[in-house]
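# Observations on the three-dimensional arrangement
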Amino acid sequence: MSEDSRSGDPKSVARSRVPPNQSVTTSFYTLTAEAVPVVDTAALVVRFWGQVIAPVQMTWSELMRVPSRTMVADMHCVTGWSMLGTRWTGATMRDVLSAAGAELLPSARFAMVHCSTEYTTNVPLEFLLADDTMLAWEWEGMPLTPEHGGPLRLFIPSLYAWKSAKWAAGFEFMTADRPGYWESRGYHMRGDPWNEERYG
Ligand SMILES: Nc1nc2c(c(=O)[nH]1)N[C@H]1C(S)=C(S)[C@@H](COP(=O)(O)O)O[C@H]1N2
Ligand SMILES: [Mo]
């Protein structure tokens, strides 16, 4: 714990919550490398393949039966903004995987997240399976808008936000790590904001 957060001054507490060289914003920016896709929940399928016992998939209505939870967490974009205390509703990736019947092989160590667009991002398994990593469908009590990844996006508060893939559509489990969209353009393979893992 830092000197600042022990003093009890709310401004200092907030500062200690922000990773190095980030500044706090209150506007929900939208950052997208491509055109916003139209994703129809009636046709939405999330697929799981690669290092799994058998490939499986889940429809939107199956997903809506996974125990949901609401979580307040911070979002850190590698371009320098952090949004604190945002409220997300969805299901943890762990709960989604077990509801889908996706059984990971011991050889699974990384995941490539695929989207309805061409965007991809690679995530180490321990971050994908973290307690606070979720497949989200609501933001601040409202369905996620298309711009912010609606109807369904990944949210990984413990990594820079480029890992929080919008319009999530598939999870490919891998033995060896492989770069996704931004990672193959120089971004870090892991992206931990506390270690400032911005570029590879
Ligand atoms: N499919 C997809 N997901 C994406 C991106 C993208 O371009 N395409 N941009 C990422 C980046 S860099 C950030 S900061 C966040 C931004 O989320 P927001 O647009 O909801 O603020 O989404 C991430 N997820
Ligand atoms: Mo970002």
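Up top is the structure these notes are about.
A few points on the structure. (Residues numbered from 1 in each chain as written. Chains lettered and ligands numbered in written order. Predicted model: local features only at pLDDT ≥ 70, side-chain atom pairs only at ≥ 80, totals over all residues. Heavy atoms only, no water.)

Take the overall build of the protein next. For the protein, the count of helices and strands is five helices and eleven strands. Scaling as 2.2 N^0.38, a compact globule of 200 residues should have a C-alpha radius of gyration of about 16 Å, and the protein matches this with 17 Å. Per-residue burial for the protein yields a buried fraction of 48% across its 200 residues. Across the protein, every contact between residues at least 6 apart in sequence was considered, and the portion connecting residues at least 24 apart equals 68%. With 17 positive and 22 negative side-chain charges, the protein shows a spacing of 2 Å between the two charge centroids. (Helix = DSSP H or I, 4+ residues; strand = E, 2+ residues; numbered from the N terminus. Rg over C-alpha atoms; globule rule 2.2 N^0.38 Å. Buried < 20%, exposed > 50% of the residue type's maximum accessible area, 1.4 Å probe, protein only. Contact = heavy atoms within 4.5 Å. Lys, Arg positive; Asp, Glu negative; His and termini not counted. Charge placed at Lys NZ, Arg CZ, Asp CG, Glu CD.)

The next thing to look at is helix H4 (residues 93-100). Since the α-helix packs 3.6 residues into each turn, any two residues three or four apart lie on the same face. Here H4 has its buried residues at Met 93, Val 96, Leu 97 and Ala 100. Buried residues of H4, viewed axially, fall in a sector of 95°; they line one side. Gly 101 sits one or two residues past H4 and shows a positive phi near 75°. (Arc of directions from axis to C-beta.)

Cis geometry marks the peptide bond from Gly 150 to Pro 151; its omega dihedral reads 10°. By secondary structure assignment, the location of Pro 151 is in the loop between strand E9 (142-143) and strand E10 (153-155). Even without being glycine, Asn 21 reaches a positive phi, approximately 60°. Tracing the backbone shows Asn 21 in the loop between helix H2 (10-16) and strand E1 (23-25).

Honestly, it's all geometry; don't read function into it.
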